[in-house]
Every structure is written in C-alpha cells, then in structure tokens.
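Inside the fold
In case you want the letters, here they are:
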Amino acid sequence: YSGTGYKGSQFNLETSPGETVEQEVMRAVYAAGGIAPSNYLQEHKLGWGRSSRTDKGVHALANVVGLKMLVGQDPWAADSE
C-alpha cells in the first residue's frame, strides 16, 4: 500500500478515523459485515494482530493482519465457483 497521507499503519484510537492504514482495513471489514458493531474499534476484542507496522508516510509491499471475524454458517454457499 501507499502510506502517503497516513499516520502510520498501526491502529490508534487517538487519531481521527481513517488516519492509519489499520483503521481503513478495520472500517472495510466492518462495512463488509465481518465485525459486529459491538466489537468495532475494539482491537482487543477482535484479537487484532499484525506482522509488522510502518511509520507516517511509509509504504509497504505487503502486510498481514489477523483478527476474529463474524462468518455465517456457510459463507461460500452462494459462490458458484
């Protein structure tokens, strides 16, 4: 990802929404239904973890984030492929 415009990658409640890469990732997972409203922005409840982090404005070729997600009974049932 391009770190331009972000205040680093690590989630931080003291920054405004969308100011870190992890806040953007968490927002996207929440919007897709993977995080319950009661757990949103609660990284300790999600078991949120990362493989590394970057500083303000630093880019990364790849990064890994792990978390506990809400997944339906058979999430791929409607996928024909």
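This text goes with the structure placed above it.
So, a few notes on the structure that sits alongside this text. (Residues numbered from 1 in each chain as written. Predicted model: local features only at pLDDT ≥ 70, side-chain atom pairs only at ≥ 80, totals over all residues. Heavy atoms only, no water.)

**Structural notes on the overall build of the protein**
Per the secondary structure count, the protein includes two helices and two strands. Overall size of the protein, expressed as C-alpha extent along the three principal axes, is 40 × 30 × 20 Å. Looking at the protein as a whole, 22% of its 81 residues are labelled buried. Put simply, the protein shows about 5,700 Å² of open surface, and 53% of that area lies on carbon and sulfur atoms. Averaging the locations of the 7 positively and 9 negatively charged side chains of the protein gives two centres separated by 9 Å. (Helix = DSSP H or I, 4+ residues; strand = E, 2+ residues; numbered from the N terminus. Buried < 20%, exposed > 50% of the residue type's maximum accessible area, 1.4 Å probe, protein only. Areas by Shrake-Rupley, 256 points an atom, 1.4 Å probe, with all protein chains shown as cover. Lys, Arg positive; Asp, Glu negative; His and termini not counted. Charge placed at Lys NZ, Arg CZ, Asp CG, Glu CD.)

**Some remarks on the environment of G18**
Note that G18 resides in the segment before α1 (21–31). For G18, a relative accessible area of 23% gives the class partly exposed. Excluding residues that lie within four positions of it along the chain, G18 makes contacts with Y6, Q23 and E24. (Contact = heavy atoms within 4.5 Å.)

**Topic: the side chain of T54**
Structurally, the position occupied by T54 is in the loop between β1 (49–50) and β2 (65–66). Discounting residues that sit within four places of it in the chain, T54 has contacts with Y1, G8, S9, H59 and A60.

**Describing the pattern of salt bridges**
Using the criterion set out here, one finds four salt bridges in the structure. Where K7 meets E19, a salt bridge forms, and the shortest distance between an N and an O atom there is 3.3 Å. Taken together, the positions of K7 in the segment before α1 and E19 in the segment before α1 put the pair 12 residues apart, joining distant regions of the chain. Where E22 meets R50, a salt bridge forms, and the shortest distance between an N and an O atom there is 2.6 Å. Of this pair, E22 sits in helix α1 while R50 sits in strand β1, and the two are 28 residues apart along the sequence. Overall, R50 belongs to the partly exposed group, its relative accessible area being 28%. Overlapping salt bridges bring together E22, E43 and R50 as one network. (Salt bridge = Lys/Arg side-chain N within 4 Å of Asp/Glu carboxyl O.)

**So, α1**
Every α-helix winds through 3.6 residues per turn, so residues three or four apart in the chain are directed the same way. All buried positions along α1 are accounted for by V21, E22, Q23, M26 and V29. Those residues of α1 that are buried are in contact with α2 (43–46) and β1. Positive phi appears at G33, one or two residues downstream of α1, with a value of about 90°.

This is a description of form; function is not addressed.
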